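Below are the chains, spelled out letter by letter.
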Amino acid sequence: MASPTLPLSGRIAVITGASSGIGAATALRLSRDGAKVALLARRKERLDTLVSSITQGGGRALALGVDVQDAKSVAEAAKVIAGELGVVDLVLNGAGVMRPSRMDEHRTRDWEEMIDLNVKGAVRIVETFVDPLLAAAKAGGAADLINISSVAAQSVFPNFNVYSATKAAITHLSRHLRAELGPRFVRVMALEPGLVTTPLHDGNDDPGASAWLKSARETLTWLSPEEVAGIIAFATALPRHINFQQLTLMPTQQA
């Protein structure tokens, strides 16, 4: 059992996109800090490995193979989480995909996937878990919704047109959700990382974007997923009346 002295002892967290990158690092960090974690991603085998690491360290974790684009899959996962772990009071909305390309390449399937996963999937997670978040807050505890956006929500990067638009949508959605939920003590944060060493970049086959990222890897010190997870852990352990509503987290060298 988690020690009551741990900063997130008693918290129950849902993490989407938990099979790698920021999601996986945050699962490990929140568990280390005392939270029970439900891990959602399409790659169930990776989640099982992560759960094994968490349980060996004395934590409690649940692996659920879920595609956030599938409403039935998400609803069924929510029922399992409620039955196995209890009332969710922390949600990290982290599932996403990046497929940069020029618009005149007509890569329709790529931009449709980004909208379906990055926007529709994120909204589906919010809609699914908003009631338990409100219940947790009403009971007097902390309640957190963290939506992973990107510095791309605020900046212009050639060939990142639709990806940047999806992240701008997430940031603005978060502002509105904070106006709705903040008065009822549910904290909402749009977390906008800059360059982070995650598999998000692995699906990129755009020559221009690839060249820019390669140059950035060689010249800048990128953030690690663990460093981003540390920020999430810090923010969610604060007294519940303190809310980082929008946090852009950048490598110092990234202009």
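Criteria and thresholds
- Residues numbered from 1 in each chain as written.
- Predicted model: local features only at pLDDT ≥ 70, side-chain atom pairs only at ≥ 80, totals over all residues.
- Heavy atoms only, no water.
- Pairing = 2+ DSSP bridges.
- Helix = DSSP H or I, 4+ residues; strand = E, 2+ residues; numbered from the N terminus.
- Axes fitted to C-alpha atoms, helices over the stretch in contact; angles between N-to-C directions.
- Buried < 20%, exposed > 50% of the residue type's maximum accessible area, 1.4 Å probe, protein only.
- Contact = heavy atoms within 4.5 Å.
- Right-handed = clockwise from strand over helix to strand, strands pointing away.
- Salt bridge = Lys/Arg side-chain N within 4 Å of Asp/Glu carboxyl O.
- Patch = residues over 30% accessible without salt bridge, like charges linked within 9 Å, V, L, I, M, F, W, Y side chains within 5 Å.
- Areas by Shrake-Rupley, 256 points an atom, 1.4 Å probe, with all protein chains shown as cover.
- Core = buried A, V, L, I, M, F, W, Y, C linked by side-chain atoms within 4.5 Å.

S.K.: Please explain the sheet that holds strand β5 (residues 144-148) as it appears in this structure.
M.R.: Hydrogen bonds between backbone groups are what pair the strands of a sheet, and the pairing can be parallel or antiparallel. If you trace the seven strands from one edge of the open sheet to the other, you get β3-β2-β1-β4-β5-β6-β7, paired in parallel fashion. Each edge of the sheet is formed by a strand with only one pairing partner; in this case those strands are β3 (61-65) and β7 (246-249). Direction aside, neighbouring strands of the sheet carry axes that sit 15° apart on average. Across five bridges, strand β2 (residues 36-41) lies against β3 in parallel orientation.

S.K.: Sorry, what's going on with the side chain of S149 here?
M.R.: As for its placement among the helices and strands, S149 is situated in the loop between β5 and α5 (161-181). Overall, S149 belongs to the buried group, its relative accessible area being 3%. Filtering out sequence-adjacent residues up to four positions away, S149 remains in contact with K167, I170, T171, L191, E192 and P193.

S.K.: Could you clarify how one ought to interpret the environment of R107 in this entry?
M.R.: Along the chain, the position of R107 falls in the loop between β4 (90-93) and α4 (108-138). By relative accessible area, R107 is classed as partly exposed at 23%. Put simply, R107 and S215 are 108 residues apart on the chain and 25 Å apart in space, counted from C-alpha to C-alpha. What R107 contacts, discounting residues up to four positions off in sequence, is P100, S101 and D205.

S.K.: I would appreciate a short explanation of the environment of E226 in the present structure.
M.R.: Examined against the element boundaries, E226 turns out to sit in helix α7 (residues 225-237). As a C-alpha pair, E226 and T26 span 200 residues in sequence and 7.1 Å in three-dimensional space.

S.K.: I'm lost on the pairing of strand β6 (residues 187-193) in this one. Help?
M.R.: The two faces of a sheet get side chains in turn, since along a regular strand they alternate between them. The buried fraction of β6 is high, at seven of seven residues. Across the two faces of β6 the burial is the same, with R187, M189, L191 and P193 and V188, A190 and E192 all buried. Strand direction decides the pairing type here: β5 and β6, joined by five bridges, are parallel. Residue pairing for β6: D144 is matched across the bridge by R187. Following the backbone out of β5, through α5 and into the adjacent parallel β6, one traces a crossover that is right-handed. Pairing geometry for β6 and β7, over four bridges, is parallel.

S.K.: Even after reading the chapter, I still don't get the pattern of salt bridges, so can you show me in this structure?
M.R.: Proximity of charged atoms lets side chains of opposite charge pair with each other. Tallying each qualifying case throughout the model produces 13 salt bridges. In this structure, D89 engages R11 in a salt bridge whose closest nitrogen and oxygen atoms are separated by 3.1 Å. Placement of D89 in the loop between α3 (71-84) and β4 and of R11 in the segment before β1 (12-16) is noted, with a sequence separation of 78 residues between them. Look at R11 and you get buried, because its relative accessible area is 8%. In the salt-bridge network here, residues are joined through shared partners; they are R102, D104, E105, R107 and D110.

S.K.: Help me understand a nonpolar patch on the surface, please; the structure alone is not making it clear to me.
M.R.: Residues M103, W111 and I115 make up a contiguous nonpolar surface patch of about 260 Å² in total accessible area. Structurally, the position occupied by M103 is in the loop between β4 and α4.

S.K.: Looking at this structure, how should I read the nonpolar core?
M.R.: The tendency in soluble globular proteins is for nonpolar side chains to be buried as a group. One finds V14, L40, I81, V91 and F129 to be the most contacted residues of the largest nonpolar core, which totals 39 residues. Going through the elements one at a time, β1, β2, β3, α3, α4 and α5 are the ones with two or more residues in this core. Here I81 is in contact with V14, A38, L40, L62, L64, G86, V88 and F129, once residues within four sequence places are set aside. Within the second largest apolar cluster, 31 residues are counted, among which are L8, A27, L50 and I146.

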